[in-house]
Amino acid sequence: MRVKVNGNDYDIKIIGQNVIVNGKQITAKLDEDQITIEGKKFYLDYAEDSDPSLMIVNGMAYIISKSSDLTVSMKELRAPISGRIMEVLVKAGDDIKKGQQILVLEAMKMQNHIYSPATARISELRVKEGQTVKTGEILATFQ
Amino acid sequence: MKLLIANRGEIVSRIVRSCSKLNIIPCGVYSEADKNSFYVKFLHEALNIGGLAASDSYLRMDKMVSAAEQLGCDMIHPGYGFLAENAEFSEVCKNEGIIFVGPSPQVLKISGDKLRAKQVVSRIAPVLEAKEVSTQEEALNAAKEIGYPVILKAARGGGGRGLRIASSQEDISKVFELSRKESMISFASDRLFIEKYLERPRHIEVQILGDGQNIINLGERECSVQRRHQKLIEETPSPVLTKEMRQRITDTAINIMKEMKYDNAGTVEFLFKDEHFYFMEVNSRIQVEHPITEQVTGIDLIEQQLNIASGTGLTIKQEDVKPKGHAIECRINAEHPFSFIPFAGTIKSFVPPYDAKNVRIDTALSRGSTIPPFYDSLIAKLICFEDSRIEAIETMKRSLSMFRISGIPTTIPFHISALNDTRFIEGMYDTSFVDELTPFSLKDGEVASAILCQLPRKVKFLQKKGNSNADIWTKSRYSDPNFDQYLSISRWLHES
């Protein structure tokens, strides 16, 4: 399996309890949220289930992607958190680039800039300025 | 004496600590979302004021006043945020015969109006040119006169919200109406002003204590590490000020507060660039970052606030303020460490760094605490102090990597990256620091890969037990139909 960790490629093979990363054998054992690698203990603070995903180990963050490149096909954009739409910067029919700002969502006293996860055309915009949204609600759909 | 703390979270625990020193009985309130919050346990008595959103709970003056009356409180401490700088609330308290722990309504009326504060201060200190604008045409004219780039601000704004930078006429046309609408929604006022935008400044503030008669300064705090105009790391002393510059900035701050006849704890914020500083605003409350000043001066700021408000007055003089050593604060927020998008959720484990020497943690969290989606994302403040700046940075780095918070992502990885950045280590940073930061952890991809290999096995194990969360590992975050489960992603790591 090939993965990208913070932009660098790693080649992984699993043989029994052993993991071979870039040809180097690592003895690793995950127990609850602790993992012992080569006798050194690491703590898994957080792991996402997405791809690419965020993993926090010993307070350090890793963005891991299992697909060969980081472009994942996205059909829709959902609200990452409940809040209020402060600003909508695009409209239906717009061609948008990956990473382009789509809207501003105010939540937990912060103005969160929401960027496009993909290069696509917006087929439908489901929210208006001033509207409140719930976590997971579809904000826009892509073509 | 009985005190009502009209706030939530860590600042409640902090105020309780000072109350016990002064034999004041701490009481408080909690919203429907906070009824199981840990901070409530610290209070002698607490009332459920209902509501979820801040506007239905902690922002309700009527609920606070009736809670104070019901519990028989003589004083109200507003903490920071919510009602802390609300002149009307200060006035309501006064009329009800309750002592408001904060400045008088007269002071709050000036400091709460950024434009008015600038007008008052412009007579005695350098300010950036600003003009009130009520139409797009006025905005265009003002910007032309001041010269681009300019920044559009809400006169009633605060907390880093409602700011927009414009580099051209087109920008103004694009953002003017939006800013007005946003200011109306967020601050219930559509008054805007345009100010000269200073690029890449440092943000330095001076801590003041005043009782109307005497005004003293407790040194400065460097707060340039910010994202979206909200602070993330603060330190004192500022690594950039010379003795002469420090004298100049603290003298100016004292003159400003004298002019306002300031009574209580407050902060004068300045922008600093090329050895020049410009007055920005007065924060008339206790600030989130007050602990670093307490650690280097040994002065309990909340104790002084309570002394001033209760009529005892300041119990210290300027000569008593002798800052020693260096202190740094990292604000640990429940946020994605790269995008800074806040997360609500449940804390699965909470283990603070066990090496307690020269480490202070201000928090109201414990294992099992939930972070409601209605309020801000600050969950803990990690404060480290040592004789020298370099030692304080080392202690902070060690403490950060030993701080175990799981169940939600936090900004701990951001802080580790920031403290390993050469610009921070050398003290040569400004407000653009975060935009140009690279994540620190590039070298350890092997560890992350090895852990990754172990995760799917866990998932398979759970699948056998019929756990519905198990297969979401392979799905994309945004295409997952059961998106709500996303927030409790790491639950399965702890369930088996």
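One can find the structure itself at the top, above this paragraph.
Residues numbered from 1 in each chain as written. Chains lettered and ligands numbered in written order. Predicted model: local features only at pLDDT ≥ 70, side-chain atom pairs only at ≥ 80, totals over all residues. Heavy atoms only, no water.

(A) Main features of the sheet that holds strand β16 (residues 138-142) of chain A. Residues and elements named next belong to chain A. Spatial ordering of the open sheet is given by β9-β16-β14-β11, a layout of 4 strands whose pairing is antiparallel. Strand pairing shows two members of the sheet lacking a second neighbour, β9 (76-78) and β11 (95-96), which therefore form its edges. Bridge count between β9 and β16: 3 bridges; the pairing is antiparallel. Note on β16: the bridge partner recorded for Glu76 is Thr141. (Pairing = 2+ DSSP bridges. Helix = DSSP H or I, 4+ residues; strand = E, 2+ residues; numbered from the N terminus.)

(B) Structural detail: the packing of aromatic side chains. All names here are of chain B. The tally for this structure, following the rule as stated, stands at 12 aromatic pairs over all chains. Between the aromatic rings of Phe38 and Phe42, the centroid separation amounts to 5.6 Å while the plane-to-plane angle is 80 degrees, which identifies the pairing as edge-to-face. The class for Phe38 is partly exposed, based on a relative accessible area of 28%. Plain terms: the ring middles of Phe270 and Phe277 are 5.4 Å apart, the flat faces sit at 75 degrees to each other, and that makes the pair edge-to-face. (Phe/Tyr/Trp six-rings, centres within 6.5 Å; stacked < 30°, edge-to-face > 60°. Buried < 20%, exposed > 50% of the residue type's maximum accessible area, 1.4 Å probe, protein only.)

(C) Molecular detail of the interface of chain B and chain A. Taken together, the contacts link 75 residues of chain B with 65 residues of chain A. Counting the surface lost from both chain B and chain A, the interface buries some 6300 Å², and carbon and sulfur atoms represent 63% of this. The tally of links from chain B across to chain A stands at 3 salt bridges. In this structure, the salt-bridge partner of Lys181(B) is Glu129(A), at a minimum N-O distance of 3.1 Å. The interface formed by chain B and chain A holds 4 residue pairs in polar contact (both at pLDDT 80 or more) in total. The leading source of residues in the side of chain B that touches chain A is helix α14 (residues 445-464) of chain B, at 13 residues. (Contact = heavy atoms within 4.5 Å. Buried area = accessible area lost by both parts, 1.4 Å probe. Salt bridge = Lys/Arg side-chain N within 4 Å of Asp/Glu carboxyl O. Polar contact = N/O pair within 3.5 Å; in protein donor to acceptor, adjacent residues only side chain to side chain.)

(D) Here's a closer look at the sheet that holds strand β6 (residues 40-47) of chain A. The antiparallel closed barrel is built from 8 strands, whose spatial order is β1-β2-β3-β4-β5-β6-β7-β8 (chain A). When the angles between neighbouring strand axes are averaged without regard to direction, this sheet yields 35 degrees. (Axes fitted to C-alpha atoms, helices over the stretch in contact; angles between N-to-C directions.)

(E) Here's a closer look at the pairing of strand β20 (residues 378-386) of chain B. Residue and element names in this part refer to chain B. Taken across its 9 residues, β20 has 8 buried, putting it largely inside the fold. Taken together, the 8 bridges between strand β15 (residues 326-333) and β20 define a ladder with antiparallel strand orientation. Paired with Asn333 across the bridge in β20 is Leu378. Summarising the sheet, strand β18 (residues 359-363) and β20 pair through 5 bridges and their orientation is antiparallel. Looking at β20, one finds that Asp362 is bridged to Lys381.

(F) Region of interest: the pattern of salt bridges. This model, assessed by the stated rule, comprises 49 salt bridges over all chains. A salt bridge links Asp94(A) to Lys91(A), with the nearest nitrogen and oxygen atoms 3.5 Å apart. Among the residues examined, Lys91(A) registers a relative accessible area of 54% and is labelled exposed. The salt bridge involving Glu281(B) is made with Lys114(B); its shortest N-O contact spans 3.1 Å. Placement of Glu281(B) in strand β14 (residues 276-283) and of Lys114(B) in helix α5 (residues 114-121) is noted, with a sequence separation of 167 residues between them.

Treat this as a map of the structure, not an account of what it does.
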